[in-house]
Amino acid sequence: MNLLEQSAHILSRNGFHVVILPNIDEAGIYIRKEILRIAPKSISFGDSMTLLATGVIDELREGKFSGITFYDGFVPGNPDGGNMERRRQGLLSDLFLTGINAISLEGTLHWLDMIGNRIAPVAFGPKKVMLIAGKNKICTTPEEAEARIKTIAAPKNAARHEGFTTPCVKTGKCMDCRSPQRICNEHLILSRCYPKGRITVILIDEEAGL
């Protein structure tokens, strides 16, 4: 049993619906098919490089899924106002899509977030949640998953935001800073999926995202 299979087995035992796919393209095909199968009336998403790489978000923005209201909280040039309101509306969308910062082989999922718009819908609200992650997100223990976030995911995410000057951008690791641009404000750890099957985890057999 390889690493992805181990992770899938334990996550399934913890109530998550898990699929293993070979690459991002196949993950995109799977998400599109699931959107058509579930037929949600509304969809929202949380920022994720892996999710964006599937092309699904671009298609939602272009209106290629008829009859679906898309709450896009990342409209360029609109950082507050409309974006923030659409993120609030996304809390009650039928389907929420995003990525994962880290996964442990004990069957836990881990996130760190700046304002909570990505993690709040994962925990509660949307009827269905679909999460996507490359095999590089898998860690042995929850402690290693948290360490991965502080030494890889958080610093690199801060660095990709234009104009961010948090200490981690320079040092490459979390400095527990007091910067107003700090992205390490809110944590989420999921140990079980309730109700069972509400959350689908898509594991990709290649490295993807930060």
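Quick note: structure is the one above.
The rules behind each value
- Residues numbered from 1 in each chain as written.
- Predicted model: local features only at pLDDT ≥ 70, side-chain atom pairs only at ≥ 80, totals over all residues.
- Heavy atoms only, no water.
- Salt bridge = Lys/Arg side-chain N within 4 Å of Asp/Glu carboxyl O.
- Helix = DSSP H or I, 4+ residues; strand = E, 2+ residues; numbered from the N terminus.
- Buried < 20%, exposed > 50% of the residue type's maximum accessible area, 1.4 Å probe, protein only.
- Phe/Tyr/Trp six-rings, centres within 6.5 Å; stacked < 30°, edge-to-face > 60°.
- Lys NZ or Arg CZ within 6 Å of the ring centre and 35° of its normal.

Draft legend 1. Highlighting the pattern of salt bridges. Under the defined criterion, the tally for this structure stands at 10 salt bridges. A salt bridge links Glu34 to Arg37; its shortest N-O distance comes to 2.8 Å. Of this pair, Glu34 and Arg37 are both found in helix α2 (residues 24-38), three residues apart, which corresponds to roughly one turn of the helix. Exposure remark for Arg37: the relative accessible area of 58% places this residue in the exposed category. Note that Lys127 is salt-bridged to Asp94, the shortest N-O span being 3.6 Å. With Lys127 in the loop between α6 (120-123) and β7 (128-134) and Asp94 in the loop between α5 (81-90) and β4 (95-99), this residue pair connects regions lying 33 residues apart in the sequence. Using a relative accessible area of 61% as the deciding quantity, one classes Lys127 as exposed.

Draft legend 2. Quick peek at the packing of aromatic side chains. Scanning the entire structure with this criterion turns up two aromatic pairs. An angle of 20 degrees between the planes, with centres 5.8 Å apart, marks the rings of Phe45 and Phe70 as stacked. One end of the pair, Phe45, is in strand β2 (residues 42-45); the other, Phe70, is in strand β3 (residues 69-71), with 25 residues separating them in the sequence. The exposure class assigned to Phe70 is buried, which follows from its relative accessible area of 17%. Ring geometry for Phe45 against Phe74: centres 5.1 Å apart, planes inclined by 45 degrees, an arrangement best described as tilted. Here Phe45, found in strand β2, pairs with Phe74, found in the loop between β3 and α5; they are 29 residues apart in sequence, far enough to count as distant. Accessibility expressed as a relative area gives 24% for Phe74, which makes it partly exposed. The rings of Phe45, Phe70 and Phe74 are connected pair by pair, giving a single aromatic cluster. Arg87 extends its terminal NZ or CZ atom over the ring of Phe74, reaching a point 4.4 Å from the ring centre.

From the geometry alone we can't say anything about function, so treat these as descriptive.
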